[in-house]
Every structure is written in structure tokens, then in C-alpha cells.
Amino acid sequence: MSGNGLSYSEQGGEAAPELGQEAATTTTPSIPAAFGLFCSDIKKNEDLKQMLESSKDSAKLDAMKRIVGMVAKGKNASELFPAVVKNVASKNIEIKKLVYVYLMRYAEEQQDLALLSISTFQRALKDPNQLIRASALRVLSSIRVPIIVPIMMLAIKEASSDLSPYVRKNAAHAIQKLYSLDPEQKEMLIEVIEKLLKDRSTLVAGSVVMAFEEVCPERIDLIHKNYRKLCNLLVDVEEWGQVVIIHMLTRYARTQFVSPWKVVEEYSEKNFYESDEEQKEKDQKVKDTYTMDPDHRLLLQNTKPLLQSRNAAVVMAVSQLYWHLAPKSEAGIVSKSLVRLLRSNREVQYIVLQNIATMSIQRKGMFEPYLKSFYVRSTDPTMIKTLKLEILTNLANEANISTLLREFQTYVKSQDKQFAAATIQAIGRCATNITEVTDTCLNGLVCLLSNKDEIVVAESVVVIKKLLQTQPAHHGEIIKHMAKLLDNITVPVARASILWLIGEYCERVPKIAPDVLRKTAKSFTNEDDLVKLQILNLGAKLYLTNSKQTKLLTQYVLNLGKYDQSYDIRDRTRFIRQLIVPNEKSGALSKYAKKIFLAQKPAPLLESPFKDRDHFQLGTLSHTLNTQATGYLELSDWPEVAPDPSVRNVEIAESVPDSFGGFTCLLSSFFLICSDSEDTEKKKKGISKKITTSNSSDTESASSEESSSDSKSESDSKSDSEPGKSRCTTSSKVTTQVSVPTKTHELLHRMSGKGLAAHYHFSRQPGIFGDRMVSVQVTVTNTTDHKIENIHIEEKKLPSGMRMHEFSPIECLEPAGSVTVSVGIDFCDSTQMASFQLCTKDDCFNVSIQPPVGELLLPVTMSEKDFKKEQGMLTGMNETSTAIPVAPQNSTRLVVIEKLVKAANLGVVPSGQDNIHRFAAKTVHSGSLVLVTVELKESSTAQLVINTEKTVIGSVLLRELKPVLSQG
Amino acid sequence: MIHSLFLINCSGDIFLEKHWKSVVSQSVCDYFFEAQEKAIDVENVPPVISTPHHYLISIYRDKIFFVSVIQSEVPPLFVIEFLHRVADTFQDYFGECSETAIKDNVVIVYELLEEMLDNGFPLATESNILKELIKPPTILRSVVNSITGSSNVGDTLPTGQLSNIPWRRAGVKYTNNEAYFDVVEEIDAIIDKSGSTVFAEIQGVIDSCIKLSGMPDLSLSFMNPRLLDDVSFHPCIRFKRWESERVLSFIPPDGNFRLISYRVSSQNLVAIPVYVKHMISFKENSSSGRFDVTIGPKQNMGKTVESVVMTVHMPKAVLNMNLTATQGSYTFDPVTKVLTWDVGKITPQKLPNLKGLVNLQSGAPKPEENPSLNIQFKIQQLAISGLKVNRLDMYGEKYKPFKGVKYITKAGKFQVRT
């Protein structure tokens, strides 16, 4: 039955309680609506139970679909638990999945019954199919039954060393689930986290860091050794993982590096520093010449490309990282990307604008060039409008204020009155912040007093009141004008504001003030509490300054206040009476009444509501809410002195050559590590890098350049192994790493190259130089202590037909620097050497590149059927075969695939049989098919068959592949 | 991270719930309803709401609220972006992201949500991977499934999930190999009363529809890549190549996807393709006003401006409008006070005009501000920034694909203040 039909019938059944007549359309007999509720439910569930017991998968599937429909609606389906749980071992994958869905929902409620399913999962954890293993682990860890904690722990441990990175990823997720179920397992879980943090798979990285953040965020020491790896992998991690890792690294960096911001202060406060010269030598050094820790730089550098991500969360994460970690001069690069996000959905805009608002208070310069991007459209929702307004106000300065005020004029007239009111406040803030325009703003606001809309007028009054307080001297006129308004304005805040103003400056309007008091005394009883308080105030102040005219009036008001309903007002009345009306009992205070009431009051500061938000890490939930959310991890202050940076050094045995990928290739890193045993060259490079990175000052730029160029080579080499690689996914290691064919060959030894060393490897990048070229990555390293200039290729002595695409000359190579360039060579499908000269400004060296035959191929993806068809056409002469020994540990599918793909650039063909593995490729130059079959036999042998019309290639390849599987 | 998800329709019914951790009662949504009531307008419901025990982060898409329940600190954009991805996936699977579509496919929805999130952390969000795990519903498939008993659920791990190119499925095959690119540019502008430009900017995207067999490696180059000021990429694009050579080099996902979105550098002056002459006035102390708007072409590079639509949110005091259009038709909704004028094509010889009387509520004060006019238009075969695709090369596969590039310019948020 179709998915649609199913859910319909389910709905029908579901609807039965409410709509009796609809039940007729389903299998449930129609029942009078009144009793429908119970009868039909029981009936229906009986029916579902029967279906679940049935022997037919289709009936079971139908039943499960209906049950999931119930779960989705939030209806209780728990009583079906026993019937459902029986099907957990179903062969049908869809039934199984739906049972899993059901289990995850109800297992917590029915723990005893849920235990029935555990053995099935335990079995599935050993399944050869990684998807099954992974989903078994997922369900097992999701059912939240405390009894099985030990089983879960065991399963997680096992899965964390699974061959498949996908299973390991799920193990990382399971860690958090187990932790929330039983926090006592923390120590054990940290061990697993530690292990998984070492994992080189990009798939795992995000999930394990998530687990780290949840279980043991305080164990920052676990990160040290993995810091550089995480930085380097970052670009290749999936976008969600990136966000989590970036947030974690921001926190980490704040504890490990010294502030890059000090530099600026230091210049401005020279004297300050001169005074404590006695300070430690080291400290002094930091201040005098601040050099950024290379690891700090590495983080900034590797996150920068992520600003181009399509995922708003990633862009925001990088922005906050730059905000919290980068030198102030560099943080500016994020503004462009943040402004770009403003084109996105309403919700994204909301969050991004909030963050920009916080940023723009502290560093106006960052967003000034984008001022116009924050202009408000009449179609924006109010919350977006007010945020934009907030930012505009923050960005206002002498230069742009006139433009802004013109823009504000439009906003004030907006039909959205709430927004208009916010604009008036914004104008007020501009007026106080920028003294040049205070008068202009004030005049503008006074004009608004004659506006028709009351909210606008009221808001204006409030703002004017605040403004007048800052410079009351020459504004008697405005106060008079406002006094007149009192007759019309009904908004309490505005009335209160006017009364306060008149009271405060009663000496400036001596004629009007008593009259106002007279009027308000009349309406006292009908006023809002807020206004009543101000009437009392006004009375008191007038009593003190002009008691002749107002004594009686004030007493009348005080009497009214005495019997008011609100005790606030009664209290205030009593207080004022004691203070101002002299009698025998009144204490010493009444002498000072005038001073108390008519003291000079400081003008209120008009401040942005985003002013103090920056003590929360940007981009966090806490920042958005402006209160600390549960689980918020505080961003620490920069340490005075950086902790030992050497903790991040990784022993050379594990040293990862920087594997910066760029967007070029999201590569699962588990392929890339060169196994140390085979790759001494890489190791050397690792060492040299360590040297460059650890001495921090001058070489920094060189080393960073190196790392990026390196990474390019690395990444390229990965990206081209892509096409064939997709299947051999699980190739990764249990304990030892597995390498990609990034085996490097020496092109020029540094001794014979007068200090210039060159290595090459085949990057398997298809067609950067045209589709017949094999691309070769050449890494040139300068081991001398002086610059080497103009490195280029000359005098190619190529066999006929061979072509070569040179790299563009390297102008200059710093000492200890290295550069990776790509060369394309068309070997014409032969293994002949390509000889040429590698020249510098002064010298020429003869070098040559000889390709292994495995690199003359390009992987081809095809189906098993096509493979057999092609193979059928390439028999006889075109077929070579041999029996080869196979080491016992190499007999699993994963290992075979991984070994072969490493040895030659082959594409994996999906195979139906477990013991036969097929690979397909074509030669780079002529595009002839090369088909490789490995058939594993009993007793550690295998038959290796190669079909290709290029017989020479075939036999050479056979020779090369022969030893591959026999080695351990 | 994400604890639970509730889907709520406009009338406030929770029609789907999914929990990834312990079950959270539906009553948590009451806080959301409260906020919704306070906001009056759906657009103004705050995306982040704090409740005593949880935080609610919601998005509003296609008349559905996706409300997620969060228990602890998390970057809000992370959740928002994810929820939008969920909505995109529904759209992709069912053709529309509506309440009916979701209800009709509730099982698939559930399976999808199960795959997309594990313990609240995103697991698989790439549509190419999801489609291998859970096949989208089609009529043909449902018929086949009901006969053969096979299912919609894949039993092997999609190869993409593990490979370095998670966005592409393996073993793609087409008889006609095609690659189409739509360069769509939108002009965002605010034009003030006098017709001068307050703010204008061009935002563009390149949407691709790639149906190529095997593992094609494409590179797309532009005549004038320097125009692109700020670009965001689909993960498939090799960032290094772009940095060094300004070439988009990528192994594409299969099917439809957004390759890049970009902003044209703000230094360039933006050509505004239409102008609007307007005369809107409300008389003091009278219950009527005048309305007169003419739209004309300007700087349109010799192309016709099509599908012009003008929408105006009239002030609340407007009761009705009595207008005549020289071209196209207009409607006025007296409830929402929205005037829509569907103009169609602009011919320079005879400029479209809409004029007539506005009836105001008698006694109400005269609206002090004239409404702003939102204009939509389309210009085919033109990228207003002048961006041009130079060539598309394909490596890695032998066949010759059919390639096509289409340019189109549209109005984005194009507003004329009056």
C-alpha cells in the first residue's frame, strides 16, 4: 500500500473519536460518536495488534505506519508496546526502522519490556553492514533504560574503535546520551572521548567535540594535542560540526594565548608601561613586540574561508571567533559576511542583527561602510525594524548624522507607531551623543509635539524631557509649550514627564507652574498613579519656591493623596508633608527640604540596550536572551602570560602534515595521513615544520604560507581520489593509520640541489591541466639560509608525444620555506621518465619523474553489470592473471579495497559477492578501460585478473599489484 | 541540542511532534502561543523564547511554525538554520512544505527527522544522502512497493555519507546529460520621494540543475569575476581555486541546488530599470484622496521589463479605492488594506497608469504618511550587474553534456517611498 493511502486510512481511524461518520471509511465499524472515544480506540488497537502478529510483512508495515502516525500526533500508543517490540528483529528494513522509532519513544516508559529487544541490538552491533551497526548503536543508546548502562558502555567502547567512521560518529553521539542517562559514567566516557578526539575522520570530529562540550568542557587539556589537527580539519568537517568546533576552539584559545589587543593599548599608554620596567623579562618582551602564537594564527587563518559558507550558523560562528580572538584590525573582515546574512530569513536576520548591534557599540568602524544596508523597509517586521534602528543609532557620528536624521524623518511618519516611537528615542540618543545636532534634534522633536498620534507625542515628550535635563538653561519656551500640551495628552508617562519638567524648572516658568498645579489638582483623582506622584512632586517643589501662591493648593493635593487608594501614594504624601510643612515634630531634615527637592539632578544617559551584552559570547543563546542560559560556558579572559605552547606539539610519530583543505575538498581525513613507516619524507617535513612554527617571530609568515600551500597539495591529492574512493569508506584504522597514495618521491635531494630540495607525489587530481595530463604535486623546499629566487623548469627532454604543463616560476623562496606547485604531464600511458631541468636563478639541476603505472589511471565508476559486460569483451590476449598470496589480515573487503586503491588509482565497483572485488579505471591518455578483479580463495590466496587492451599497462600493473595484498 | 520539535499550524494546532531525547509535554508550546498572541502579527513572533525550563526556538515557514525545544546553551542560528534545512527537505520531498503534505506523508516525515538528527545533533542533512536513505514518494514507487513489498528505505549506508563528497550520490546515470545554470540577480533598492536612490544593491545567486552521469568535475569561469564582491559557496566548490584563479571548480551534487550566492560590490552604481511617478494625496477633513501612479522603464539595457506587479499597503483609514488602470488589473483588499496592481509588460510607448479616488473612513484623521510602493518585475536574458559566464568545462567524464546558462534580473526588496 502506498505511503499516502496508509496515512489516510490512519487518519480516518484516528479521526474516529471526533468524527464518528468518518470511521465508516476505515476498517473500524462506525460507532456512535458519543462512545467513539473508548470503543474505537480499543477496537483499533486490537486491529493493529492483529496486524502486527500477522505473518505478512505488508500487514506489519501497515500497522507500524499507522502507529508511527499516532506517535507523530502525540497520541498515546504505549499499550501496543509488547506487540511492537516483537518485530524488532524483522528482516524488513522499513519495519525495523519504524520499530526503532517506536522504541525510542516508549522504551523509557516500558523499561522491562524494552529489555526484550536488547539482544537483537547486541547482535546487530556485530553486523557486517555499517549502517545496521550504526543504527543499532543509535537505538540502543537512545532507549534510556538505566539497567542497560553497562551494555551501552561496552557498546560505545567497541564502536569507538570500529572501522567505519560512521559508526564512530554514532559512538560519539551515544556518549552524550549515556552521560545524560548516568552521569556517573563520566570518567569512563572521558576516556572514550579522548580516544575519539584523536580520530582523524572529519565525520567524527564534529560529533566528538559536541560530546566533549557536553560531558567535560572543563578538560581543556584533552584538546592540546588535537588542537592543530582540529584547526586543519575544520574546513572539511560537515557544517554542523564546524559550528561546534569553532565555538569550542574560541573558548580554548582564550585560555591559551595572550591577548592580541594589548598592542594598541601599549602604544597609547607608553608611560604606564615604563613605570613597571622591573617586570619579568619575558613579560616585557610580550609587550614590546607582540607576536601572535603561530597556533593562534593558524586558527584565525583556517577559519577565514568558512566566512564564505552557505550556512549562516557557520558564518556567525567564525564572526564571533574573530570578534573574540582576532587583533582588532582584522576583525573587520567579518562584517561583509554578516551583512550578507541580512538577506536571509527573518529569524536569521533577527539573530544576526542582534549580534551586529552588540558589535557596533564597541567598534563602530566595522559596520560604518554598510550603514545603508541597515535602512529600514516598510515591509520589515517590527522586531527587525527596531534592531536596525538600534544599529543605525550606534553607527551615528558627526559625518553621517545628517543623512541619518533625514532617514529617521521618514521612519517617524511610519504607520507602525511602535516603530515610530522607537525612532524618536533613537533621535534622542543621537542628540545626546552628538552635540552638534542636539539643537536640531530638539527642534525636530518639538515639531513632533503637534503630531496627531498620541504615542508619537508622548514618546517625544519623554525624550525631550531627557534632553532638556542635559541643558535646561535656554529652553523655557519649550517647557511653556509642553505645559500647554498637558490639556490634550492622556498618556500617563508623557503627562508625568511634563509635570516633572515643570516642577524641576518651576523657577523658569514662575507664572505657569502654579496654574498647572491648579489644573492637575482638579483632575488628581482621575489620574494614573504615575501622574499622581508627579503632581505631589510638583506641589512640593512649588511649595518650597513659591509658597505664597501655592501653599493652599499643595495642602489640598496632599490631603487628596493622604486618602488615595494606592499605598505608594499615601506613603509619598506622608513623606512630603513631613519634609516641607514645618511643625514642631518635624526633624532636622525639613531644613534641608529645598536642597533635597531641588538638587541638581544628573541627566539620564541614553544608552543602548545592547551595551552590556558583550560579556556573553556572541552568537550564543545567552547573548540573544541577555541572560545566562543553562549550560552556558563562560569565555575566560585572556591570560596574562601564555601557558606553555609546547603542549600542543604532537610527537612526530603522529605528526600530521597540515592538511588544510579549503572548500576544495571536504575530505574525510582518515585517508590522508601518511603512515609513518613508509613515509620518511613526510616525517622530515613534519620536523621542519615544527621548527618553523615553534620559533615564532619572523618565520611566521613563511610557515603559514607553507602550511597553506602544503595543504593545497594535500587537499588536491584527496580530492582527486574522490571518485573512486566513495565506496572504500571504512578504510580507516583501528589503531594504526592508513595512508592515501600520497607517497612522495624524491625529485631532487638537497645535497645535490645545493640546498634546494624537491619532492613530488601524484595528486590524482583529474584534469586540471586538460584531461590527458597526470597531475603531479611538486613541493620545493629551501633548506639553505638564504633566499632562492626564480625557481622554474627548463630543457624538457621528453620522449615523443609526451607533453608537460609547467608551473609558473616561483619568484622567491624564503629560507626554510617550501612551496607546492602542480605540474601536469601527459605520459602517453607509458612508464617512461619525464626528464627536465629544475632551475634557480643561478643553477640548473637535472631531474626526472617516473610514474608508477597505478598513477596513469583514472578511476571509473560503473555498475557490476557493466563491469561484467566490459570484461566479457576484454578476454583472451587482453586478460592477464595470476595467483597471489594474501596475508590473513588482508582478507576482509575493506582492507582489500583500501590496499588496492592506495596502490593504484582505481574506482571501486560494487560487488554482489563477498569474496570478489572489482575495480575499474581508464588510462589517462587514451582512456582505455582497465578492469581489475580480485577473487579471494581459500587458504590465503587470491586470483588477480586484469583486463585491458593496453596489455603492457596490464602486465606492469599486475606486477605492481601482486605484492600489495601479501604484505601485512 | 535540539530536544523536541513541534509543528504548529496557523490556527494553533500542534499537528506533529518528534522527540529526540526524553518526551517533552506539548504544554511547553503554551509559552509559544502566549508570545504569538502578544506579537499580533506572525512576523513578529520572536524566534527565541525563554521559558522556565526550556528555550523555544522557532521559525515560520509556509504558514507552519517549526518550534524546537532546547534545554541548554546552543548557538540559536544553528537551530534556526537547521529548522530551515528541515523545511527545505520537506519541500524537496513533497513538492511543498504544507500541513497537508506533511500529514499525508507523516511516516516519511518521521523517518526523515530520525535520520536528520541524532540526540539533537544533525546527522545527515544533504538531500542527496537522504534520498538514498529514504526514497521520496512518487506514485510509481508506491504502486511498485505495494505489489513487490519492497520499501522506501535504503539498507546500505549511502556512499556519500562517508566519502569526501557527501553531497553527491554514486552511480548517477542519465541518458541526456545536461547542466543548466540560472544566474538570477535581484535588485534591492529604496527610492525616495523625489525619485533618487537612497540605497541600491544587487544580490545574485546561481542556481544549478545538473543531470550528469558519473563523477563529472566541472569548472565554471566568468568573463568578469571581479564583479563578485562577497560570495558564499555550496560546500562542493573548491575554495582554493576560487581564491587563486577566480574559477568555480566543483564536483556537483545531483539535481537542483544553489551553487553560489553573491553580492555585487557596492562601488558599482546600480542601474535601476524602472521609475515610478506618483501622486498620492489625502485631503484634510475630507473622506477622500487621490491616487495616481505611473510606471515607466529606465536603464533596462534594451530589454523589456515584464511581470511588473505593484503592491501597496494602504493606511488603515482607507476604506475603499476606486481606480482605473490603463493596463493590467488591480485589486484592493479592504480587510488587509493591500492594493495589488498586476501590470504585466511595460511598453515605453504607452506607460501603464493607475489612477482614481481613495475613500477614507470619515472622521478618522488624515494619514500623515503616504504608503510606500513595493514593485516587482522581471527582465529576461539580462544580468543587471553585467556578470557573464565565460565557459563551462567538464573533466572526468567522456560524454559531451548539454550546457545552458540563463540570465534573469528581478526586483528584490524594491521599495519606492512616496
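Being a predicted model, the structure only gives us computed values, none of them experimental.

J.: So what exactly am I meant to see when it comes to the overall build of chain B here?
T.: Across its full length, chain B carries eight helices and 23 strands. Reported as C-alpha extents along the three principal axes, the dimensions of chain B are approximately 75 × 55 × 45 Å. A total of 418 residues make up chain B; the buried ones form 61% of that total. Residue pairs at least 24 apart in sequence account for 68% of intrachain contacts in chain B once pairs closer than 6 positions are excluded.

J.: I'm lost on the overall build of chain A in this one. Help?
T.: Looking only at helices and strands, one finds 38 helices and 15 strands in chain A. Split into buried and exposed, the 968 residues of chain A put 60% on the buried side. The contacts of chain A with a sequence gap of at least 6 include a subset with a gap of at least 24, amounting to 68%. Per element, the accessible surface of chain A, about 39,100 Å² overall, is 53% carbon and sulfur.

J.: Quick question: what am I supposed to make of the packing of helix H11 (residues 202-215) of chain A against helix H13 (residues 239-256) of chain A here?
T.: Helix-helix packing: each pair is described by the crossing angle between the helix axes and the interaxial distance. Residues and elements named next belong to chain A. Following both chains from N to C, one finds H11 and H13 inclined at 50°, their axes separated by 8 Å at the closest point. It follows from the interaxial angle that H11 and H13 lie oblique. Every pair of crossing elements has a handedness; the one defined by H11 and H13 is left-handed. Here H11 contributes Ala205, Gly206, Val209, Met210, Phe212 and Glu213 to the contact with H13, which in turn contributes Gly241, Val244, Ile245, Met248 and Arg251. Class assignment of the residues belonging to the contact of H11 with H13 gives a composition of seven nonpolar, two polar and two charged.

J.: Would you mind showing me how to read the interface of chain B and chain A here?
T.: Interfaces are often sized by the accessible area lost when the parts come together. Across the boundary between the two partners, chain B contributes 118 residues, which contact 126 residues of chain A. Summed over both sides, the interface between chain B and chain A buries roughly 10,700 Å², with carbon and sulfur atoms accounting for 55% of that surface. Along the contact surface separating chain B from chain A lie 13 salt bridges. We note a salt bridge from Arg343 of chain A to Asp188 of chain B, for which the minimum N-O separation is 2.6 Å. Counting every contact that joins chain B to chain A gives 37 residue pairs in polar contact (both at pLDDT 80 or more). In terms of residues, the side of chain B that touches chain A owes the most to one element, helix H2 (residues 76-94) of chain B, which gives eight residues.

J.: What is the right way to read the domain arrangement of chain A from this model?
T.: Split by domain assignment, chain A resolves into domain 1 (69-246), domain 2 (745-851) and domain 3 (856-966). Inter-centroid distance (C-alpha atoms) of domain 1 of chain A to domain 2 of chain A is 48 Å.

J.: Would you explain the pattern of salt bridges in this entry?
T.: Enumeration over the complete set of coordinates arrives at 52 salt bridges over all chains. Across the pair Lys169 of chain A and Glu238 of chain A runs a salt bridge, and its minimum N-O distance is 3.7 Å. Placement of Lys169 of chain A in helix H9 (residues 165-181) and of Glu238 of chain A in the loop between helix H12 (221-233) and H13 is noted, with a sequence separation of 69 residues between them. For the salt bridge of Asp62 of chain B with Arg61 of chain B, the shortest nitrogen-to-oxygen distance reads 3.7 Å. For Asp62 of chain B, a relative accessible area of 40% gives the class partly exposed.

J.: Sorry if this is basic, but what is going on with helix H5 (residues 93-106) of chain A here?
T.: Residue and element names in this part refer to chain A. For H5, spanning 14 residues, the distance from its first C-alpha to its last is 20 Å, which sits close to the expected 20 Å at 1.5 Å a residue. Here H5 lies mainly inside the structure; 14 of its 14 residues are buried. Put simply, Asn92 is the residue that caps the front of H5, since its side-chain oxygen is 2.7 Å from the backbone nitrogen of Glu94.

J.: Looking at this structure, how should I read the domain arrangement of chain B?
T.: Domain boundaries in chain B define domain 1 (2-148), domain 2 (178-270 + 382-416) and domain 3 (274-380). Measuring from the centre of the C-alpha atoms in domain 1 of chain B to the corresponding centre in domain 2 of chain B gives 30 Å.

J.: Help me understand the side chain of Lys541 of chain A in this model?
T.: Residues and elements named next belong to chain A. Relative to the helices and strands, Lys541 is located in helix H29 (residues 529-545). Take Lys541: its relative accessible area is 3%, and that puts it in the buried class. Separated by 3.1 Å, the side chains of Lys541 and Glu504 make a polar contact. When residues no more than four places from it in sequence are discounted, the contact partners of Lys541 are Trp500, Gly503, Glu504, Phe597, Leu598 and Lys601.

J.: Would you take a moment to explain the sheet that holds strand S5 (residues 64-70) of chain B for this structure?
T.: Two orientations exist for strands paired in a sheet by backbone hydrogen bonds: parallel and antiparallel. All names here are of chain B. The strand order across the open sheet built from five strands is S2-S1-S5-S4-S3, with neighbouring strands paired in antiparallel fashion. Taken across any chain shown, the strands that pair with only one partner, and hence form the sheet edges, are strand S2 (14-19) and strand S3 (48-50). Across the sheet, the mean angle from the axis of one strand to that of its neighbour is 20°, orientation sign disregarded. Inspection of the sheet shows strand S1 (residues 2-9) paired to S2 by five bridges, in the antiparallel sense. Bridging across to S2, Ser4 finds its partner in His19.

J.: How do you make sense of the nonpolar core when you look at a structure like this?
T.: Nonpolar side chains tend to gather and get buried jointly when the protein is soluble and globular. Counting residues in hydrophobic clusters, the biggest one holds 265 residues, and the most contacted among them are Phe374 of chain A together with Phe66 and Phe90 of chain B. Among all residues touching Phe90 of chain B, those that are not within four sequence positions of it are Leu7, Phe66, Gly95, Glu96, Cys97, Ile102, Val109, Leu112 and Leu113 of chain B. Formed by 75 residues, the second largest nonpolar core is a distinct cluster that contains Val274, Ile295, Leu339 and Met394 of chain B.

J.: Explain the environment of Ile434 of chain A to me, please; I cannot follow it from the model alone.
T.: Residue and element names in this part refer to chain A. Mapped onto the secondary structure, Ile434 falls in the loop between helix H23 (417-433) and helix H24 (438-448). Residue Ile434 is classed as buried on the basis of its relative accessible area of 5%. Separated by 436 residues in sequence, Ile434 and Glu870 have C-alpha atoms that sit 80 Å apart. Dropping the residues within four chain positions of it, Ile434 is found in contact with Ala396, Asn397, Glu398 and Ile401.

J.: Which parts of the structure should I look at to understand unusual backbone geometry?
T.: Keep in mind that most residues, glycine aside, have a negative phi and that most peptide bonds are trans. All names here are of chain B. The phi torsion at Arg246 lies on the positive side, around 60°, for a residue other than glycine. Looking at the secondary structure, you find Arg246 in the loop between helix H8 (239-245) and strand S12 (247-250). Despite not being glycine, Gln381 has its phi angle at roughly 60°, a positive value. Relative to the assigned elements, Gln381 resides in the loop between strand S21 (373-380) and strand S22 (389-395).

J.: Looking at this structure, how should I read the pairing of strand S10 (residues 217-222) of chain B?
T.: Successive side chains on a regular strand alternate, one facing one side of the sheet and the next facing the other. Residues and elements named next belong to chain B. The buried fraction of S10 amounts to six of the six residues, a majority that puts the element mostly inside the structure. Both S10 and S22 contribute to a ladder of six bridges, which runs antiparallel. Residue pairing across strands places Phe222 opposite Val389, the latter belonging to S22. Pairing of S10 with S12 involves four bridges; the strand directions are antiparallel. Its bridge partner being in S12, Leu218 is matched across the sheet by Phe250.

Cut-offs and rules
- Residues numbered from 1 in each chain as written.
- Chains lettered and ligands numbered in written order.
- Predicted model: local features only at pLDDT ≥ 70, side-chain atom pairs only at ≥ 80, totals over all residues.
- Heavy atoms only, no water.
- Helix = DSSP H or I, 4+ residues; strand = E, 2+ residues; numbered from the N terminus.
- Buried < 20%, exposed > 50% of the residue type's maximum accessible area, 1.4 Å probe, protein only.
- Contact = heavy atoms within 4.5 Å.
- Areas by Shrake-Rupley, 256 points an atom, 1.4 Å probe, with all protein chains shown as cover.
- Axes fitted to C-alpha atoms, helices over the stretch in contact; angles between N-to-C directions.
- Parallel < 35°, antiparallel > 145°, perpendicular 65-115°, else oblique.
- Left-handed = near helix turned anticlockwise from the far one by under 90°.
- Nonpolar A, V, L, I, M, F, W, Y, C, P; charged D, E, K, R; others polar.
- Buried area = accessible area lost by both parts, 1.4 Å probe.
- Salt bridge = Lys/Arg side-chain N within 4 Å of Asp/Glu carboxyl O.
- Polar contact = N/O pair within 3.5 Å; in protein donor to acceptor, adjacent residues only side chain to side chain.
- Domains from an automatic or database assignment.
- Expected span 1.5 Å × (residues − 1).
- Pairing = 2+ DSSP bridges.
- Core = buried A, V, L, I, M, F, W, Y, C linked by side-chain atoms within 4.5 Å.

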